[in-house]
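Each chain, written out:
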Amino acid sequence: MLAAISNKRNEIRDKKKLNLIYRCVVGVVGAAVLIGGIVLIPYPGPGWLIVFAGLGILASEFEWAHRLLKFARGKYDLWMDWIKEQHWSVQALLGLLTCAVVLATLWLLGALGLVGGWVGIDWSWLQSPIL
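Just so it is clear, the model here is predicted, and its values are computed rather than measured.

Colleague: Would you take a moment to explain the confidence of the model for the protein for this structure?
Modeller: Mean pLDDT over the protein works out to 90, with 100% of the residues at or above the 70 mark. Per-element averaging of pLDDT across the protein places helix 1 (residues 2–14) at the bottom with 79 and helix 4 (residues 63–85) at the top with 95.

Shown next, in the form of structure tokens:
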């Protein structure tokens, strides 16, 4: 299976115009996945996984992305190891900061006012200041 994919990629690589189109498509798809992952990082769920998937897509065609992927994975692992070594109060503070980022972005995007309206709470401070 992988040999067939590799052979097909080599066929594409031999044709300059098709190779350029292929690399552009990989670049656009990889960048879109990467940007989506970056947006999702502060939220509960697979934000970092999506970032690494986007970098993996880009790394399949671009050496700079491969180097960045290795660097980012290393820094992520160091960060997670550091968090695990911290006192529970530091871990709780980081959790609260994450919740604050999530609530702030939901407020800025108007989600708090929308949900408040669904349950009959029409407080003016729930409305987004930018929408």
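Colleague: I keep staring at the packing of helix 2 (residues 16–40) against helix 3 (residues 47–59) and nothing clicks. Help me out?
Modeller: Helix packing geometry: the angle between the two helix axes and the distance between the axes. As a packed pair, helix 2 and helix 3 sit with axes 7 Å apart at the nearest point and diverge in direction by 165°. With respect to their mutual orientation, helix 2 and helix 3 come out roughly antiparallel. The element helix 2 and its partner helix 3 pack so that their crossing is left-handed. Within the contact between the two elements, helix 2 uses V26, G27, V29, G30, A31, V33, L34, G36, G37, I38 and L40 and helix 3 uses G47, I50, V51, A53, G54, L55, I57 and L58. Here the contact of helix 2 with helix 3 is built from residues that sort into 13 nonpolar, six polar and no charged.

Colleague: Is there a simple way to think about the side chain of S128 in this case?
Modeller: Looking at the element boundaries, S128 is found in the segment after helix 6 (111–118). Using a relative accessible area of 12% as the deciding quantity, one classes S128 as buried. A polar side-chain atom of S128 sits 2.5 Å from the main-chain carbonyl oxygen of L108. At a separation of 3.2 Å, a polar atom in the side chain of S128 contacts the main-chain amide nitrogen of I130. Aside from chain neighbours lying at most four places away, what touches S128 is W107, L108, L109 and G110.

The rules behind each value
Residues numbered from 1 in each chain as written. Predicted model: local features only at pLDDT ≥ 70, side-chain atom pairs only at ≥ 80, totals over all residues. Heavy atoms only, no water. pLDDT = per-residue confidence, 0-100. Helix = DSSP H or I, 4+ residues; strand = E, 2+ residues; numbered from the N terminus. Axes fitted to C-alpha atoms, helices over the stretch in contact; angles between N-to-C directions. Parallel < 35°, antiparallel > 145°, perpendicular 65-115°, else oblique. Left-handed = near helix turned anticlockwise from the far one by under 90°. Contact = heavy atoms within 4.5 Å. Nonpolar A, V, L, I, M, F, W, Y, C, P; charged D, E, K, R; others polar. Buried < 20%, exposed > 50% of the residue type's maximum accessible area, 1.4 Å probe, protein only. Polar contact = N/O pair within 3.5 Å; in protein donor to acceptor, adjacent residues only side chain to side chain.

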